[in-house]
Amino acid sequence: MTNVFYGMVNAQNGTFGAAGEPGEPDSPRPSVTGPMRDHEISEAVRAFATPEGYTAAAELLADRAVLVLTGEAGTGKRTGAISLLSRLSDGGITVLPPSQTLESLADRDFVPGRGYIVLDWFGVDRWDSPAEHEYQWSVLFGCVANAGAHLVLTCDRGVPTGRTAPSVPWTRPRVVDVLHEHLRARAPGEEGTDPGGDPGVPEAAEKAAAALPDDRSLADVVAVAEGIAAGEDPQAAVEGVLRSSSRTRVQEWFDADPERRDVADATALALLHGVHERDYEILAKRLHHRLNRAFPSTAPLEGSSGRTAEGDTEKEPDRLPMLRRRRGAGGHSLIRVRLRDDGWLVRRFPGFAENGDRAEVLRQLWERYDADFWNAVESWTRTVVGHETRRVFLARGLAALAGIAFEEVHDLYLDRWSRRGGGDGRDTCVFVLWSMCMDEGLAPVVLRTADRWLSHGTPAQAETALHVWSGELGVAYPTEAFNRLWSRMLEEDAAERRLSAAQSIGTLFGSLVDRGGNGRAVLRRLDDGLLDIRRFGSDRINRTLLIIAVFSALTVPTSEPVTGGPPPAHEDDGPDDTGTGEALDGDGRSPAEPGGGPDGTAGPLAAEDGQGREALGADPAIARHLMLAPDQIPTVACLWVETVRHRPVRRLSIEALWRTLRALQRNGADAQGTARDLLLALVPMLRPDERTGFRTSFVSAVRRCAGSDPSTDAVLEILAGVFGDGTDTPTGAGAGPGPGPLTKVTTT
């Protein structure tokens with residue numbers, strides 16, 4: 001996966017988010033909300049096992065049109081909601097954000113025949129009276145029923161729903177029923193026959209259910225069904241799953257009372273999965289020392305002398321510890337070393353033996369060790385946060401821990417880091433929350449956290465929340481993200497946060513383009529805003545902030561790194577006992593971070609470092625978006641004209657246009673046509689008195705920034721063609737007058 005970071009990040013050899021193996025490519029992730037695809041619905045209900053109470057829930061939904069399923073995590077509430085709605089709704093299913101209130105749901109225009117789901121609903125407002133809850137529920141019942149739609153909300157048992165809520169307790173289906181449905185769905189059958197009619201299916205399900213412990217996850221139950229469907233004996237399938245299960249192996253490893261160095265190694269790898277071997281060894285050793293301080297050892301240190309029972313000194317052999325050998329085959333039963341080609345060298349990366357081991361190691365650590373252990377771990381993480389590469393891997397590890405103990409991650413890390421006004425801790429806090437968004441089960445937790453910081457947090461926490469909304473949280477909930485950032489841009493009291501919200505809208509657009517999301521809506525909303533917000537009078541400040549948001553969207557780069565020479569083998573080891581990191585550049589601010597000057601020279605997401613060099617990044621996000629959505633060229637051209645007219649960002653806007661045209665020129669004939677169409681749409685939108693100045697400024701920007709870029713001539717030829725002459729091309733450079741003085745234009 002990729003991300004647009006608001007600070008400079010070097011995550012060499014790493015993938016951000018909850019990917020499988022480090023470096024493994026990740027496909028674009030759709031948003032958590034929005035219409036479900038047909039194959040998603042059919043896959044969810046294909047082998048659905050109905051739990052106790054399903055019939056009562058179906059009857060209540062059919063009668064009231066609204067239903068609340070309450071139950072613990074892992075009981076199948078999401079699948080149950082999809083199954084219930086698929087039986088009653090023939091117009092598809094739409095997933096709504098969990099932050100929806102009863103009032104906002106009642107204001108929605110429900111489509112007749114369509115089903116709606118609110119997963120992990122936050123519940124009603126605890127401060128409203130029971131009478132208010134009853135009234136809100138009655139209004140919602142009428143709205144959904146009158147529209148001919150159906151709505152299902154899912155939440156945990158402890159979430160307040162109101163006394164009149166149409167609630168049904170949801171329980172996990174029986175193991176035997178889950179096995180039976182999955183075997184029935186997988187059993188081979190001739191066309192026109194029911195494969196579930198195989199008499200061996202119920203018998204196999206009964207045998208496997210009797211041998212499978214009740215506390216096994218539904219994933220293990222499904223794995224058993226897959227084994228049986230592949231031809232295994234039910235008993236053998238159960239034993240195979242239990243034997244290969246991360247839970248069983250990791251629990252047995254901890255039950256054997258491993259040495260403290262092994263525990264430190266496993267902890268460091270669980271929190272820093274993906275770092276290469278040298279960094280891992282350095283950091284695991286530091287954690288080992290921290291644990292020794294917290295829990296002084298009574299055993300003699302390696303290579304030191306000990307005493308026998310009689311008190312005589314016994315000399316131990318002074319050997320060097322062969323720790324790396326223990327991670328090879330036949331050594332550490334949880335950790336293995338894998339070789340991976342990074343395109344330059346074949347490097348060694350430690351990892352867990354199985355994919356599920358990492359989460360289970362964190363679970364066992366959390367269940368077995370007390371606050372002294374976790375305080376030592378927190379102290380150790382301070383030596384990691386100051387390192388720009390390692391803190392990204394640490395963020396992924398803390399996100400994995402948050403799935404097990406979010407309270408610990410929030411109180412010990414996120415809350416503290418978010419209260420700091422920028423710096424390494426704030427960056428790591430954002431990265432943790434972004435990584436959590438890769439898990440659909442944790443995305444609502446991140447949404448709730450960011451909203452709480454926006455509404456009730458400190459100014460620094462509100463600033464942190466804006467950055468969280470502009471990245472992975474915005475990809476998961478794009479409509480909610482834009483609405484949050486838009487309202488903060490126009491309604492926030494603090495000028496700094498209004499500016500940050502405007503810049504974050506552009507970053508949100510870049511994140512959506514990077515992650516395969518829908519950036520169309522962002523550009524449409526910005527274009528509509530330019531029509532609605534006037535240039536002068538009381539709207540002048542809002543108009544300026546809107547121009548900054550537009551400029552940010554047009555200049556934000558994609559996050560794919562520029563290909564260059566071979567990367568360094570490893571980075572500096574960094575400080576050992578401090579949590580401070582080195583400054584990112586001369587003034588302690590990343591070139592990609594917004595500057596503070598009103599003249600736009602260090603404006604939001606500027607693409608230069610102040611010395612005429614392009615900042616590290618890839619093609620502009622707007623270039624990639626136009627290649628995928630050429631129908632939005634008129635909208636983009638209109639937005640660009642407005643930024644060209646805004647004097648503080650005029651020069652940077654024109655240079656960004658050059659970079660976009662250059663990026664399109666490099667991507668084949670279709671993209672080159674898109675570049676020509678963009679200029680053809682943009683130039684006529686300029687007033688006649690603006691066109692000469694624009695042309696002069698554009699040619700100057702090209703000649704200043706292009707250098708020996710082979711795309712220069714092609715872009716200038718497009719410009720000359722748009723203006724109907726060849727004075728800007730190399731062959732026509734002497735056919736007309738040279739660049740004249742810059743023509744002034746009306747500013748906003």
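Residues numbered from 1 in each chain as written. Predicted model: local features only at pLDDT ≥ 70, side-chain atom pairs only at ≥ 80, totals over all residues. Heavy atoms only, no water.

1. Looking at the packing of helix α24 (residues 621-628) against helix α26 (residues 650-665)
Packing of α24 against α26 brings their axes to within 8 Å, and their N-to-C directions diverge by 50 degrees. By the angle between their directions, the pair α24 and α26 is classed as oblique. Read as a crossing pair, α24 and α26 show a hand that is right-handed. Between α24 and α26, the contacting residues are Ile622, Ala623 and Met627 on the first element and Thr660, Ala663 and Leu664 on the second. (Axes fitted to C-alpha atoms, helices over the stretch in contact; angles between N-to-C directions. Helix = DSSP H or I, 4+ residues; strand = E, 2+ residues; numbered from the N terminus. Parallel < 35°, antiparallel > 145°, perpendicular 65-115°, else oblique. Left-handed = near helix turned anticlockwise from the far one by under 90°. Contact = heavy atoms within 4.5 Å.)

2. Observations concerning α26
Because each turn of an α-helix spans 3.6 residues, side chains separated by three or four positions in sequence point in the same direction. Between its first and last C-alpha, α26 extends 23 Å over 16 residues, near the 22 Å set by a 1.5 Å rise per residue. Of all the 16 residues making up α26, 15 are buried; the element is thus mostly covered by neighbouring parts of the structure. (Expected span 1.5 Å × (residues − 1). Buried < 20%, exposed > 50% of the residue type's maximum accessible area, 1.4 Å probe, protein only.)

3. With respect to the confidence of the model for the protein
Chain-level pLDDT for the protein is 80 on average; 78% of the residues reach the 70-or-more range. The weakest mean pLDDT in the protein belongs to strand β7 (residues 306-307) at 50; the strongest belongs to strand β4 (residues 115-118) at 96. Residue range residues 1-27 is modelled with pLDDT below 50. Its contacts to residues more than four positions away, or to other chains, number 89 contacts. In this model, residues 302-306 is a region of pLDDT below 50 whose contacts with residues beyond four sequence positions or in other chains number 11 contacts. (pLDDT = per-residue confidence, 0-100.)

4. Observations regarding the pattern of salt bridges
The full count for this structure, using the stated rule, is 29 salt bridges. For the salt bridge of Asp424 with Arg391, the shortest nitrogen-to-oxygen distance reads 3.1 Å. Of this pair, Asp424 sits in helix α16 (residues 424-436) while Arg391 sits in helix α15 (residues 390-418), placing them 33 residues apart in sequence. Arg391 shares its class with Asp424; the two are buried. Between Asp631 and Arg520 there is a salt bridge, with its nearest N and O atoms 2.6 Å apart. (Salt bridge = Lys/Arg side-chain N within 4 Å of Asp/Glu carboxyl O.)

5. Overview of the sheet that holds strand β6 (residues 167-169)
Spatially, β1-β3-β4-β5-β2-β6 is the arrangement adopted by the six strands of the open sheet, whose pairing is mixed. The open sheet has two edge strands, β1 (34-35) and β6, and neither has a second partner. Judged from the five bridges that link them, strand β2 (residues 66-70) and strand β5 (residues 150-155) form a sheet pairing that is parallel. When the bridges of β5 are listed, Leu67 appears paired with Val152. Of the strands in this sheet, β2 and β5 are in contact with helix α5 (residues 130-147), which crosses β2 at around 120 degrees. (Pairing = 2+ DSSP bridges.)

6. Description of unusual backbone geometry
Within the chain, Ala65 stands out as a residue other than glycine whose phi angle is a positive 70 degrees. Relative to the helices and strands, Ala65 resides in the loop between α2 (54-64) and β2.

7. Structural notes on the side chain of Ser653
As for its placement among the helices and strands, Ser653 is situated in helix α26. Accessibility expressed as a relative area gives 1% for Ser653, which makes it buried. Other than its neighbours up to four places away in sequence, Ser653 contacts Phe551, Trp640, Thr643 and Val644.

8. Points about the pairing of strand β9 (residues 335-341)
Relative to strand β10 (residues 346-352), β9 runs antiparallel, the two being bridged by seven bridges. Bridged to Arg338 within β10 is Phe349. Taken together, β9 and the strand that follows it, β10, pair antiparallel across an intervening segment of four residues, in which Gly343 is found at a positive phi of about 95 degrees.

9. Topic: the pairing of β4
Both faces of β4 are covered, namely the face carrying Gly115 and Ile117 and the face carrying Tyr116 and Val118. Two elements, strand β3 (residues 93-96) and β4, share four bridges in a ladder whose sense is parallel. Bridging from a neighbouring strand, Val95 pairs with Ile117 of β4. Where β4 lies against β5, four bridges are found, and the strand directions are parallel. Opposite Tyr116, over in β5, you have Leu151 as the bridge partner.

10. Looking at the nonpolar core
General note: in soluble globular proteins, nonpolar side chains tend to be found buried as a group. Of all hydrophobic cores here, the largest spans 132 residues; its most connected members are Leu526, Trp640, Phe694 and Phe698. The greatest single-element share of this core, amounting to 13 residues, is contributed by α15. Those residues in contact with Trp640 that lie beyond four places of it in its chain are Leu554, Ile622, Ser653, Ala656, Leu657, Thr660, Leu678 and Leu682. Membership of the second largest hydrophobic core comes to 23 residues, among which are Ala106, Trp137, Leu151 and Leu153. (Core = buried A, V, L, I, M, F, W, Y, C linked by side-chain atoms within 4.5 Å.)

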